[in-house]
Amino acid sequence: AKCVLPQMSRFVQRSETVHSGQRRRYGRRCRRPNNHIMMKELLWFSLSASLSASVQSFHLSPFQQAATPLSTQPLHSKASSRKGRRGFGLGHPTSKKVSYPPIHLDEVDDDIDSQIFPLQDDLEQQLNTHNTANHNNINNNINAGARVSEFLSNIPRVLSPPPLVSSTQEWRKLQRHAAQTIKSTHLRELLQDPVRCDAMFAEHDGVYFDYSRQQVTLETMDLLFDLAEKQELTKRIQAMVNGEKINFTEDRAVLHTALRASKDKIGTVFVDDEDAIKEVHDVLDQIKQFTEAFRSGHITGYTGKRMRNIVSVGIGGSYLGPEFLHEVLKTEEEGISSSLGYSLRFLANVDPVDVERTCADLDPEETLIIIVSKTFTTAETMLNARTMRQWLWDFMGDDIDVVKKHVVACSSVSATENVKAFGIDTDKYFFRFWDWVGGRYSVCGAAGAVPISLLYGFDLFEKFLEGARSMDEHFINAPMRQNIPILMGLLGVWNSSFMGYNSRALIPYAQALLRLPAHIQQLDMESNGKRISRHGIEIDYPVGEVDFGEPGTNSQHSFFQLIHQGQTIPVDFLGFVQSQHDILIDGEKLSSHDELMSNFFAQPDALANGKTADEVRAEGCAEDLILHKVFDGNRPSSSLLFPQLSAYVTGQILSLYEHRTAVQGFIWDLNSFDQWGVELGKKLAIDVKDHLTKARYDPKQQPVVIPDAPATSRILNYYVQNGREATENGIGVSVNPLTSVTRKTYREHIPPPIHDLGGNVGKLS
């Protein structure tokens, strides 16, 4: 050990320097090292040194003779014979320029295995021969062959980190398959194969998934499943749902599945010795008790009025997920009846216009404010929270009890002191969530449970959780070939990384799902919009599609021109067997829902098959217009058919897309559960705010100068100068106090009952 480890450490350190492309130590002509030769050198030297230290009576001259010339060479730059330039000497094992990337021995192809591993096999064979010949000499020694074999098996892990998935044999097979087979095959041909089409669907609990219009064959799917096995997909899914800290950059577990786990799972998932599912149900029980008291009228506002308006203040996942669910339940049969007499609005944007639109016709005395922020420090959310607090005080006086009666918080336990400092009653009106649930995955927790249960009742929210739980169990337990989220995730990887499609559209044929595309946009793009693998290596393959969408048929009259005749964009079509509310008017043979669903069935075929020039010509089209009316087709899509859009089915849809995102991240070797990409802009915004504050209140009106940012300085000065000119006195902030705007607008719409609270100077101030 004394002999081997120091030399190996120096070797690895220097080889890693070469791998990283640093040239200063080795000269200007430094290139990637020849791993075959480097590995031979290290293997020979390590074997020689290990055996020398372990079996002193063992005859090693063949190994020593081979090892000495290489392993004693120092790893340094010396004069090169290449026209006087500095670089590796010709005798150095890394002097040859190679065109392939560094090789990781655990992952190499069979052809590379045959070049490298016979060396190890040959060494062990010679070792066994020597062991037999010297049996009497080593009877009392440790088995040197076993020790060397173990040592050699660990060398690949020492030399380099695990490689990118793109270097694996399974990935390269998919690349060849895409280039040689799929890209020269039209979907029109694939759809004529009944065996293929009958194999490309999956069902679970009323959900029907058809992917026969994807550009895949049965062989493609086999290769994708091989890749999934190579990436240990099933193992990674289990690690996630069991509470392992797979979000390693933040040292957190990822347990949005625990938010909808049933009570009989209590005691099965622990995070830092805490029973995660028990914690979840404790909070759900608290939410149920609170929301039922609110809806029954037992909880009233500061002036004794019953509260009927709910404003949820949050941004990102704290807003998009709950809003998408709210839009569904607004027209769901049970949701309509249970929400009568109540209203729910969301305040997300820090733009003061969003505050105006939210509060304009609300009575503050009948309004409950929910502040959703994990840390209770999110800049946009907390400014809006302070604005809403001031709005309440302007009407009812700035008594701290106004906040305690009208404001509740959904936040992390670690933010308890921040919540309390805001004035919120943390004993009764504080609903916690946990660091192991990211914002974009939090709709099943307090962020969604509190506003939705206040408006629609806890029982309806519980049905939503049950639907998500159904899809969770399918995702965890179903075989890969029948597993809908896994199939969708693998197809996403295929389209993005192998077919080269960098966008994806989500088209729900249900107007109630109008906010689903926005939620999935954040869910997927914030999760998989990454450039570094989980092993800390910059990726060299496409990941992270641009997600967008709009309900059908509106989308058909918006961007389907591009989807049909422009770029190729894979599409997910979502349809429903029954409408939430169907209409059949007199004289019509089909209901409005059937009319809608006709488009759901037609669009995938139009995208897949297209329309040829001969077909256009047969319709009598003028020759000079034929090309304009040709549709190439061969554009992939998937179809998802559900029974009826309900709270339960909405839970299934949510879980389905959450897990699709996770599957793609697991295959791509990403950490799909952090979001460092949003931090830089936040930091720069804070710096700009400092400059803006100084400019607004600088009596000398000096121009803003931001170091190393002349373009930003110029446009910021234009903004400040024009803002000053818009004010009455030419100096100061160019807006009126916002609370007076909201108070005035509210009174113009609905005059409040006569009282003498009088805003900030009222009797309770």
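Residues numbered from 1 in each chain as written. Predicted model: local features only at pLDDT ≥ 70, side-chain atom pairs only at ≥ 80, totals over all residues. Heavy atoms only, no water.

Caption draft 1: Looking closely at the pattern of salt bridges. Tallying each qualifying case throughout the model produces 31 salt bridges. Notably, a salt bridge pairs D282 with K278, separated by 3.2 Å at the nearest N-O pair. Here K278 and D282 lie together in helix 11 (residues 276–296), a separation of four residues that amounts to about one turn. Its relative accessible area of 32% is what places D282 among the partly exposed residues. For R660, the salt bridge is made with D547, and the minimal N-O distance between the two is 3.8 Å. Taken as a pair, R660 in helix 25 (residues 647–668) and D547 in strand 13 (residues 546–549) lie far apart in primary sequence, 113 residues in all. Taking relative accessible area as the criterion, D547 reaches 5% and is therefore assigned buried. Shared partners join several salt bridges into a network, and the residues in it are R504, D524, E545, D547, D572 and R660. (Salt bridge = Lys/Arg side-chain N within 4 Å of Asp/Glu carboxyl O. Helix = DSSP H or I, 4+ residues; strand = E, 2+ residues; numbered from the N terminus. Buried < 20%, exposed > 50% of the residue type's maximum accessible area, 1.4 Å probe, protein only.)

Caption draft 2: Structural view of the nonpolar core. Grouped together as the largest cluster of nonpolar side chains are 151 residues, with contacts concentrated most on I424, W436, L640, I653 and Y657. Of all hydrophobic cores here, the second largest spans 13 residues; its members include I507, I563, F600 and L607. (Core = buried A, V, L, I, M, F, W, Y, C linked by side-chain atoms within 4.5 Å.)

Caption draft 3: Layout of the sheet that holds strand 11 (residues 430–433). Strand order in this open sheet of five strands is 8-7-9-10-11, and the pairing throughout is parallel. The open sheet has two edge strands with one neighbour each: strand 8 (343–347) and strand 11. Across the sheet, the axes of successive neighbouring strands diverge by a mean angle of 20°, strand direction being ignored. Of the pairings in the sheet, the one linking strand 10 (residues 407–412) to strand 11 comprises four bridges and is parallel in character. Bridge pairing in strand 11 links A409 to F430. Sheet contacts for helix 11: strand 7 (309–313), strand 9 (367–372), strand 10 and strand 11; angle to strand 11, the most-contacted strand, approximately 150°. Relative to strand 8, helix 14 (residues 352–359) is tilted by about 175°, and along the sheet it contacts strand 7 and strand 8. (Pairing = 2+ DSSP bridges. Axes fitted to C-alpha atoms, helices over the stretch in contact; angles between N-to-C directions. Contact = heavy atoms within 4.5 Å.)

Caption draft 4: Representation of the packing of helix 12 (residues 317–329) against helix 18 (residues 446–456) within the structure. As a packed pair, helix 12 and helix 18 sit with axes 9 Å apart at the nearest point and diverge in direction by 25°. Classified by the interaxial angle, the pair formed by helix 12 and helix 18 is roughly parallel. Regarding helix 12 and helix 18, the two cross each other, and that crossing is right-handed. When helix 12 is examined against helix 18, the residues P322, L325, H326 and L329 are found in contact with a partner set consisting of A447, G448, I452, L455 and Y456. Tallied by class, the residues present in the contact of helix 12 with helix 18 amount to seven nonpolar, two polar and no charged. (Parallel < 35°, antiparallel > 145°, perpendicular 65-115°, else oblique. Left-handed = near helix turned anticlockwise from the far one by under 90°. Nonpolar A, V, L, I, M, F, W, Y, C, P; charged D, E, K, R; others polar.)

Caption draft 5: Focus on helix 14. For helix 14, the set of buried residues is D354, V355, T358 and C359. Across the axial projection of helix 14, the buried residues extend over an arc of 115°, all falling on one side. Backbone nitrogen of V353 and a side-chain oxygen of the N-cap are separated by 2.9 Å at the start of helix 14; the cap is D351. (Arc of directions from axis to C-beta. Polar contact = N/O pair within 3.5 Å; in protein donor to acceptor, adjacent residues only side chain to side chain.)

Caption draft 6: Here's a closer look at the packing of helix 20 (residues 484–498) against helix 25. With their axes 8 Å apart at the nearest point, helix 20 and helix 25 run at an angle of 50° to one another. The angle between helix 20 and helix 25 places the two elements in the oblique class. Of the two elements, helix 20 crosses helix 25, and the hand of that crossing is right-handed. From helix 20, I484, P485, I486, M488, G489, L490, G492, V493, S496 and S497 reach across to helix 25, where they touch L656, Y657, H659, R660, V663, Q664, I667 and W668. Each residue belonging to the contact of helix 20 with helix 25 can be placed in one class, and the counts come to 11 nonpolar, six polar and one charged.

Caption draft 7: Local environment of the sheet that holds strand 4 (residues 207–210). Reading across from one edge, 3-4-15-14-12-13 is the order of the six strands in this open sheet, with mixed pairing throughout. The two strands at the open ends of the sheet, each matched to only one other strand, are strand 3 (201–204) and strand 13. Looking at each pair of strands side by side, their axes are set apart by 15° on average, direction ignored. Here seven bridges tie strand 14 (residues 571–578) to strand 15 (residues 637–644), and the two strands are oriented parallel to one another. Across the sheet, the residue bridging to D572 is S638, located in strand 15. The sheet strands contacting helix 20 are strand 3, strand 4, strand 12 (503–508), strand 14 and strand 15, and the helix crosses strand 4 at an angle near 25°. Against the sheet, helix 23 (residues 592–609) touches strand 14 and strand 15, its axis set at about 150° to strand 14.

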